[in-house]
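Below, each chain spelled out in residue letters.
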Amino acid sequence: MKKLMRSSALALTVLFLLSGCALVDQMSGDEAPEVETTSSATSGTTTAAPTETEPAGTGDTGAFAVTYSCRMADTRNFAEAPSDLSEIWALGDDVTRCTGKSNGGTTYSETEQKALDALGQAATDDDKEAAPDDVRLADVYALCATPGFYFAISPGISTDEQASQLESALILCPEHPDADAARTSLNTYDANVTAGNDGTRFNDGVWQVGEEIKPGTYKPESPSDNCRWFRYDDKGDWIESSYDKVQTEIVVTIAATDGTFESRNCGYWRAS
């Protein structure tokens, strides 16, 4: 019995010594104890697990919308205009030109998408890439807000880009007060392009007969007193010119045997 008591006392002594050594180790800083942190119930805040977010700029920014600024006939400054096209049209010729500003939206109506398709990818500047769709669409809406679609009726369409812009505008605002005149202007431009491609309409310059222009009888579209023209054979010799005759109406017949035809200050010629 005494032997059992000694064994128990010895065991307790060893356990006490081991516990004391562990406490000394912790206090000496040889090895910091691991501490498990938990959120405090009294702090009032919790840390949420991180979530995956969509990259900025990749999401849909909403429905497209445009705001207008217009310049009135009595001022050179642009001022905020009504947001409804019909209200702007009601101002009539008091409005000289409008601009449009996009809200940055990239969701378009079916009609707006058709207008963008008609607009194509033509850049507003040959040295720059095409502007974003919403900016280009806002420019077309600005044409819709402007009397005469700005350029369509006066001075008229002069480039393919203008033609595509007008075609797009007529889709967006077919009820424009000048829509009929604009359609006539667009049809005239299309006819002029066709005539230019087949060689029956040309401007000032020197042209190869049979290759660049077709033989036939021509008249200038906008006759001028300063109009001068010259016919040459295939060797470059002078056949006939405006100096050879006095005409009450400027009319020239270019023969199939002519080599070249030269025009100065006559503008566009069209086969009659």
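Whatever comes next refers back to the structure up there.
Residues numbered from 1 in each chain as written. Predicted model: local features only at pLDDT ≥ 70, side-chain atom pairs only at ≥ 80, totals over all residues. Heavy atoms only, no water.

## Re the sheet that holds strand β3 (residues 95–102)
The strands that make up a sheet are held in pairs by hydrogen bonds between backbone atoms, and each pair lies either parallel or antiparallel. What counts, and what does not: Two strands qualify as a pair provided that DSSP identifies no fewer than 2 bridges between them. Each helix corresponds to a stretch of at least 4 residues labelled H or I by DSSP, and each strand to a stretch of at least 2 residues labelled E; elements are numbered beginning at the N terminus. Under this scheme, a helix contributes an axis fitted over its contacting stretch, all axes are lines through C-alpha atoms, and angles between N-to-C directions fall in the 0 to 180 degree range.
Here we have three strands laid out as an open sheet, ordered β2-β1-β3, and antiparallel in their pairing. Edge positions in the sheet fall to β2 (78–80) and β3, since each has one partner strand and no second. Pairs of neighbouring strands in the sheet enclose a mean axial angle of 35°, with direction left out of account. Note: strand β1 (residues 66–72) against β3, seven bridges, orientation antiparallel. Each bridged residue has a counterpart across the sheet, and for serine 69 the counterpart in β3 is threonine 99.

## Considering the state of the cysteines
Our working definition: Disulfides are defined as cysteine sulfur pairs within 2.5 Å. Each residue is assigned to one of three classes by its accessible area relative to the maximum for its type, calculated with a 1.4 Å probe on protein chains only: buried under 20%, partly exposed between the two thresholds, exposed over 50%.
Summed over all chains, the structure comprises three disulfides. Covalent S-S linkage joins cysteine 70 and cysteine 98, the inter-sulfur distance amounting to 2.0 Å. One quick way to see it: the torsion about the S-S bond of cysteine 70 and cysteine 98 is about 105°, and its sign makes the bridge right-handed. Pair noted here: cysteine 70 is in strand β1 and cysteine 98 is in strand β3, with a separation of 28 residues, a long-range link. Judged by relative accessible area, which is 3%, cysteine 98 ranks as buried. Covalent S-S linkage joins cysteine 227 and cysteine 266, the inter-sulfur distance amounting to 1.9 Å. The S-S bond linking cysteine 227 to cysteine 266 shows a torsion near 95°; that makes this disulfide right-handed. Of this pair, cysteine 227 sits in the loop between β6 (216–220) and β7 (228–232) while cysteine 266 sits in the loop between β10 (260–264) and β11 (269–271), and the two are 39 residues apart along the sequence. You can call cysteine 266 buried: its relative accessible area is 2%. Each bonded cysteine of the protein is numbered by sequence order, and under that numbering the disulfide pairs are 1-2, 3-4, 5-6.

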